[in-house]
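Architecture at a glance
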Amino acid sequence: RNQMLLKKGPLLLLLHLSHVNTSAFVPFVDLPAKILRIRHSSRQHKATTTMSDESQQAKVVICGGGIIGCSVAYHLAREHAVKSIIVERTKPACAASGKAGGFLAKHWNDHSPVGPLARVSYALHAQLAKQLKEEERADVMYRQVHTIGVMASDTDSGRNTGTRGTGGGGQLPEWLDKNVWANGKLGDESTTAQVHPRLLTEALLAGATRRGAQLRIGRVEAIEMADDRSVTGVKVDGTVIPCEKVVIAMGPWTKEAAKWLALPQIGGQRYHSITMRPKAAISNHCLFIQYHNRNRMGGWRGSEDPEIYPRPDNEVYMCGFPDMVPVPDDPGAVVPEEEKGQRLKQMADTMSGALQGTSVEGVSCCFLPLSPDNTPLIGEVPGCNGVYVATGHSCWGILNAPATGKGLAELIATGESSCVDLRPFAPNRFGARTLTKA
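Every value quoted in this text rests on a predicted model; they were computed, and no experiment measured them. (Residues numbered from 1 in each chain as written. Predicted model: local features only at pLDDT ≥ 70, side-chain atom pairs only at ≥ 80, totals over all residues. Heavy atoms only, no water.)

**Overview of the overall build of the protein**
Our working rule: Put simply, DSSP marks the helices as runs of H or I at least four residues long and the strands as runs of E at least two long, and each gets a number from the N terminus on. Contacts are assigned to residue pairs with any non-hydrogen atoms lying within 4.5 Å of each other. Each accessible area is a Shrake-Rupley estimate made with a 1.4 Å probe; only the visible protein chains count as cover when residues are assessed.
Within the protein, the secondary structure is distributed over 11 helices and 20 strands. Taking the intrachain contacts of the protein between residues at least 6 apart in sequence as the baseline, contacts between residues at least 24 apart amount to 74%. Surface exposure of the protein reaches about 17,400 Å², of which carbon and sulfur atoms provide 50%.

Structural data, given as structure tokens:
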């Protein structure tokens, strides 16, 4: 986002500096000798636990039931008639796919390797919203939005010097009526949009399962390999699910797969969020805010960078406070800090009378997966046949899920991706590693 904002001036660039925490970019380190868990087996190897005939028909196992994994499963099933088994440790969309804001931008990544992927995916979101509504009767709350950057403060003076109005451009919406003292246009309905991440994930999963995919709840423990390093199955809770291909789409929990595969360390940046539901109608204006705090002497003591995304059902999503803390081993153990939710609500109250009069419906947090070079990993994992990965999308995971899923499905089913060039995201860009049998 920062490269796009640089053109808008240093003020708006500062608004986003907290979104890129360089301490999150873990260097790619040499993996231990047992980098790849290879079981001495053949293609005819049978799992010790008997699987159903339906399970044995699935050629692909997808590890991860978030929006990336469900997008892969959906496109495999709908466009290639390939059945898959989605393995999720707790429940679908239990992490960032169910707790993120769902903001979409067409061109904010144009000056990075992600640019072409983002543009394809942005267009796919509109197509998917219509497609899922017609075929799955699912409303994913997709809509186009106005996007503005604002500066605000915690001084309860009622001061508001931004340009007012209900239209587009950089005008402030009527509901943003207090302590906002600058604003600028970041996007309009032709370049920015939003979607509800959880609803989209669930709709993609429904479309996949209706076409033969299956959902399994369990923990992935290992990937079974033949002597030629071809996939034979995935071990889940002690049971091997036979398959020919595997997709690792586990977000920041891809760190578990890095114990078995030639993958870099994937980190996680945590964000907190709250949801509110005001009585007054809230317009389709997404806000990127630089929020200044005053000290007791009247000077500035720092700033924070929250974001506000009103949704079509009048729910208002607000997020902020990016930080780096260890990613729990269990996604179900991700618990928000209540005081950060309270602080988000305090900031909302000082900027909007409409939000001040409402209560917080929920407080949550999630981890955004970060690769060492802040560019996604999408493609076949080096050193083995039939293992693919899709992770490391950072704050753009929801935006890039459709094109990632479609492109990877094409690569798995046909051997190449035609909708988008996946070469910039190849996992082997981090260098070759010597693979050793366990």
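Here the narrative resumes.
**Quick word on the packing of aromatic side chains**
Aromatic ring pairs are defined here through the distance separating the ring centres and the angle between the ring planes. Definition in use: Under the pairing criterion, centres of Phe, Tyr and Trp rings, with the six-membered ring standing for Trp, must be within 6.5 Å; the plane angle then separates stacked pairs below 30 degrees from edge-to-face pairs above 60, leaving the rest tilted. Summary of the burial criterion: residues with accessible area below 20% of their type's maximum are buried, those above 50% are exposed, and those between are partly exposed, where the area comes from a 1.4 Å probe applied to protein chains only.
Under the counting rule described, the total for this entry stands at 7 aromatic pairs. Seen in terms of ring centroids, F103 and Y309 are 5.6 Å apart; in terms of plane orientation they differ by 15 degrees. Their pairing is stacked. Placement of F103 in strand β3 (residues 103–105) and of Y309 in strand β16 (residues 307–310) is noted, with a sequence separation of 206 residues between them. Since its relative accessible area comes to 3%, Y309 is described here as buried. Pairing W108 with F288 gives two aromatic rings, centres 5.4 Å apart and planes at 55 degrees, and the pair type is tilted.

**Let's talk about the sheet that holds strand β2 (residues 84–88)**
Where strands meet in a sheet, backbone hydrogen bonds hold them as pairs that are either parallel or antiparallel. The cut-off we apply is this: Criterion used throughout: strands pair if DSSP finds at least two bridges between them. Angles shown run from 0 to 180 degrees and are taken between the N-to-C directions of axes, each axis being a line fitted to C-alpha atoms and, for helices, limited to the stretch in contact.
If you trace the 6 strands from one edge of the open sheet to the other, you get β8-β2-β1-β12-β20-β19, paired in mixed fashion. Two strands lie at the open edges of the sheet, namely β8 (214–217) and β19 (377–380), each paired on one side alone. Each adjacent strand pair in this sheet contributes to an overall mean axis angle of 20 degrees, direction not counted. Relative to strand β20 (residues 387–391), β19 runs antiparallel, the two sharing 4 bridges. When the sheet's bridge partners are listed, I378 is paired in β20 with A390. Lying over the sheet, helix α11 (residues 397–414) contacts β1 (60–63), β12 (245–248), β19 and β20, oriented at roughly 170 degrees with respect to β20.

**Description of the pairing of β2**
Going by this rule: A clockwise course of the path from the first strand over the helix to the second, judged with the strands pointing away from the viewer, identifies a crossover as right-handed.
In terms of burial, β2 is a largely internal element, 5 of the 5 residues being buried. Of the two faces of β2, the one carrying S84, I86 and E88 and the one carrying I85 and V87 are both buried. Sheet topology note: the β1/β2 ladder contains 4 bridges and is parallel. Note that in β2 the partner of V60 across the bridge is S84. As a crossover connection, the stretch from β1 through helix α4 (residues 67–80) into β2 is right-handed.

**Observations concerning the pattern of salt bridges**
We apply this condition: Salt bridges are defined by distance alone: a side-chain nitrogen of Lys or Arg within 4 Å of a carboxyl oxygen of Asp or Glu.
In the structure shown here, the tally under the stated rule is 24 salt bridges. A salt bridge links E79 to K406; the nearest nitrogen and oxygen atoms lie 3.1 Å apart. With E79 in helix α4 and K406 in helix α11, this residue pair connects regions lying 327 residues apart in the sequence. Overall, the relative accessible area of 31% leaves E79 in the partly exposed class. The salt bridge involving R210 is made with E136; its shortest N-O contact spans 2.8 Å. Separated by 74 residues along the polypeptide, R210 in helix α7 (residues 197–210) and E136 in helix α6 (residues 115–136) bring together distant segments of the chain. Its relative accessible area of 15% is what places E136 among the buried residues. One network of salt bridges, with partners in common, ties together R78, E135, E136, R210 and R211.

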